[in-house]
Amino acid sequence: MSYNTKNYMEQGGEKLVIGGTMEILSGASVTGLPVAENQADSTATDIAGLVADFNALLSKLKAAGLMEAD
């Protein structure tokens, strides 16, 4: 009988493979993830201003590596 696990540490311990579900419980923390620059609340009074604020948010997400670049 053999057993295949979906979650495992590769030999040498340099890489953890998650093939199943990873559950992060309340109170836990994750470090080392990219963080996007803060985007201030929009104060737009028209559509053009809202578009500019939204595009600024997209740019910050892309710069932080949280979204693929165009």
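Since the structure is predicted, the reported quantities are computational estimates derived from the model, not experimental observations.

Undergrad: In this structure, what is going on with the overall build of the chain? I would like to understand it.
TA: In terms of helices and strands, the chain carries one helix and two strands. Ordered by position from N to C terminus, the α and β elements of the chain give β-β-α. Taking 70 residues into account, the globule formula puts the C-alpha radius of gyration at 11 Å, and the chain, at 20 Å, lies well above it. By its C-alpha atoms, the chain is 65 × 30 × 20 Å across when sized along the principal axes. Of all intrachain contacts in the chain linking residues separated by at least 6 positions in sequence, the fraction that spans at least 24 positions is 18%. Entry remark: accessible area of the chain is about 6,400 Å², with carbon and sulfur atoms responsible for 54%.

Undergrad: Can you help me understand the confidence of the model for the chain in this one?
TA: Any region with low pLDDT has predicted coordinates that should not be read closely. In this model, the chain carries an average pLDDT of 93, and 100% of its residues clear a pLDDT of 70 or more. When mean pLDDT is compared element by element in the chain, helix 1 (residues 47–63) scores highest at 97, while strand 1 (residues 7–9) scores lowest at 91.

Undergrad: I tried to follow the pattern of salt bridges on my own but got confused; where do I start?
TA: Pairing between side chains of opposite charge can happen when their charged atoms approach one another. Counting across every chain of the model gives two salt bridges. Across the pair Lys 15 and Glu 10 runs a salt bridge, and its minimum N-O distance is 4.0 Å. Lys 15 sits in the partly exposed class, given a relative accessible area of 46%. Relative accessible area serves as the criterion here: at 32%, Glu 10 is assigned to the partly exposed category. Residues Lys 62 and Asp 70 are paired through a salt bridge, measuring 2.8 Å at the closest nitrogen-oxygen approach. Classification of Lys 62 as partly exposed rests on a relative accessible area of 24%.

Undergrad: Explain a nonpolar patch on the surface to me, please; I cannot follow it from the model alone.
TA: A surface patch of nonpolar side chains, amounting to about 700 Å² of accessible area, comprises Met 9, Leu 16, Ile 18, Met 22, Ile 24, Val 30 and Leu 33. For Val 30, a relative accessible area of 47% gives the class partly exposed.

Undergrad: Explanation requested: helix 1 in the structure shown.
TA: For an α-helix, the turn length of 3.6 residues means that residues three or four places apart are oriented alike. Along its 17 residues, helix 1 runs 24 Å from first to last C-alpha, staying within 8% of the 24 Å computed at 1.5 Å per residue. Of the residues flanking the end of helix 1, it is Gly 65, one or two places downstream, whose phi is positive at about 80°.

Undergrad: What is the right way to look at the side chain of Lys 60 in this model?
TA: Looking at the secondary structure, you find Lys 60 in helix 1. In this structure Lys 60 is buried but unpaired, with Glu 37 as the nearest side chain of opposite charge at 4.1 Å. Here Lys 60 is in contact with Ala 36, Glu 37, Asn 38 and Gln 39, once residues within four sequence places are set aside.

The rules behind these values
- Residues numbered from 1 in each chain as written.
- Predicted model: local features only at pLDDT ≥ 70, side-chain atom pairs only at ≥ 80, totals over all residues.
- Heavy atoms only, no water.
- Helix = DSSP H or I, 4+ residues; strand = E, 2+ residues; numbered from the N terminus.
- Rg over C-alpha atoms; globule rule 2.2 N^0.38 Å.
- Contact = heavy atoms within 4.5 Å.
- Areas by Shrake-Rupley, 256 points an atom, 1.4 Å probe, with all protein chains shown as cover.
- pLDDT = per-residue confidence, 0-100.
- Salt bridge = Lys/Arg side-chain N within 4 Å of Asp/Glu carboxyl O.
- Buried < 20%, exposed > 50% of the residue type's maximum accessible area, 1.4 Å probe, protein only.
- Patch = residues over 30% accessible without salt bridge, like charges linked within 9 Å, V, L, I, M, F, W, Y side chains within 5 Å.
- Expected span 1.5 Å × (residues − 1).
- Lys, Arg positive; Asp, Glu negative; His and termini not counted.

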